[in-house]
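Fold and geometry: a report
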Amino acid sequence: MKLVRLLANLGYGSRKQVASMFREGLVTDASGEVLYADDKVEHADVRFEGEPLDPPAGILVMLNKPAGYTCSRKDVGRLVYELLPPRYGIRNPVLSTVGRLDRETSGLLLFTDDGPLLHRIISPKSSVAKVYEATLADDLRGDEAATFAAGTLMLDGETDPLEPAALEVLGPRHIRLSLTEGRYHQVRRMFAAIGNHVETLERVALGGLTLEGLASGEWRQLTAEDTARIFAKP
């Protein structure tokens, strides 16, 4: 792939803008030698303003999403893409969220430009556990764990019962819930179905992958080992 196209696909600018960057000497090799648009250089050996290029297509990024951000590119208000480098929003292929968290839900959110990986993560066949912590408006009664584990709970407006989910009580109004489905506003609707209300909700793990101290609003690129942890069975 030509270097101009490579940098444009990575979001460093339009092809016209990237061509201008070459003329300005902003693109070099690892030794600092200025590169020209028609040079043939390995991706790993290219530097932009002295820094290695972003990874090629096939990246996976984890964000600790704050509450108040929407998983969208075009919605009004604050958008999750604003928390990533601007060039990540114009990569080609595009970087998409792996599933969604609603505006007021915080926590672990993934982005990828790898379509097959995205579908593998969200596919029901993969049974990747989504783990949430929530605070509730009312004290737990004591029968919630059995109700969620039974696999018979019906959500309002749906005709198929939920798959069994594992509830861990952390306090009178504080829980951890692990489920393998991803229905619309599922955790909030589950508690609404039993007469309670979720006040705060955070996704803390996806399979074996956790936030590992990643602060709210921070992100990092994931490694192959990180990706494998998503699918690791307990």
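What comes next concerns the included structure.

Quick word on the overall build of the chain
The number of helices and strands found in the chain is 6 helices and 12 strands. Overall, the C-alpha framework of the chain stretches about 70 × 35 × 35 Å when taken along its three principal axes. Accessible surface computed for the chain: about 12,300 Å², of which carbon and sulfur atoms make up 52%.

Quick look at the side chain of Arg47
Tracing the sequence through the fold places Arg47 in strand 2 (residues 46–48). No salt bridge forms around the buried Arg47; measuring N to O, its nearest opposite-charge neighbour Asp45 is 5.6 Å away. Polar contacts involving the side chain of Arg47 include one to the main-chain carbonyl oxygen of Ala44, which spans 2.8 Å. Setting aside its immediate chain neighbours within four residues, Arg47 contacts Leu26, Val27, Thr28, Asp29, Ala30 and Pro52.

Some thoughts on helix 2 (residues 15–23)
Because each turn of an α-helix spans 3.6 residues, side chains separated by three or four positions in sequence point in the same direction. All buried positions along helix 2 are accounted for by Val18, Met21 and Phe22. All buried residues of helix 2 lie within an arc of 100° about the axis, which places them on one face of the element. Away from the buried face of helix 2 by more than 90 degrees, exposed residues Lys16 and Arg23 are located. On its buried side, helix 2 packs onto helix 1 (3–9), strand 1 (27–29) and strand 2.

Describing the pattern of salt bridges
Under the defined criterion, the tally for this structure stands at 14 salt bridges. For Glu133, the salt bridge identified is with Arg176, shortest N-O distance 2.6 Å. One end of the pair, Glu133, is in strand 7 (residues 130–136); the other, Arg176, is in strand 9 (residues 174–179), with 43 residues separating them in the sequence. Under the relative-accessibility criterion, Arg176 is labelled partly exposed at 26%. In this structure, Arg220 engages Glu212 in a salt bridge whose closest nitrogen and oxygen atoms are separated by 3.4 Å. Among the ionic contacts, a cluster of salt bridges with common partners joins Glu158, Glu181, Arg183 and Arg189.

Some points on unusual backbone geometry
Residue Pro93 is reached from Asn92 by a cis peptide bond, and omega for that bond is 10°. Considering the arrangement of structural elements, one finds Pro93 in the loop between strand 4 (60–65) and strand 5 (96–97). If you check the backbone angles, His185 has positive phi at about 50° while not being a glycine. Its location among the elements puts His185 in the loop between strand 9 and helix 5 (186–193). With a relative accessible area of 31%, His185 lands in the partly exposed category.

As for the packing of aromatic side chains
For the coordinates displayed, the defined rule picks out 4 aromatic pairs. Relative to Trp219, the ring of Tyr88 has its centre 5.4 Å away and its plane inclined at 55°; by these criteria the two rings are tilted. With Tyr88 in the loop between strand 4 and strand 5 and Trp219 in strand 12 (residues 219–221), the pair connects residues that are 131 residues apart, well separated along the chain. Judged by its relative accessible area of 1%, Tyr88 is buried.

Scoring rules and cut-offs
- Residues numbered from 1 in each chain as written.
- Predicted model: local features only at pLDDT ≥ 70, side-chain atom pairs only at ≥ 80, totals over all residues.
- Heavy atoms only, no water.
- Helix = DSSP H or I, 4+ residues; strand = E, 2+ residues; numbered from the N terminus.
- Areas by Shrake-Rupley, 256 points an atom, 1.4 Å probe, with all protein chains shown as cover.
- Buried < 20%, exposed > 50% of the residue type's maximum accessible area, 1.4 Å probe, protein only.
- Lys, Arg positive; Asp, Glu negative; His and termini not counted.
- Salt bridge = Lys/Arg side-chain N within 4 Å of Asp/Glu carboxyl O.
- Polar contact = N/O pair within 3.5 Å; in protein donor to acceptor, adjacent residues only side chain to side chain.
- Contact = heavy atoms within 4.5 Å.
- Arc of directions from axis to C-beta.
- Phe/Tyr/Trp six-rings, centres within 6.5 Å; stacked < 30°, edge-to-face > 60°.

Coordinates in, geometry out; function isn't part of it.
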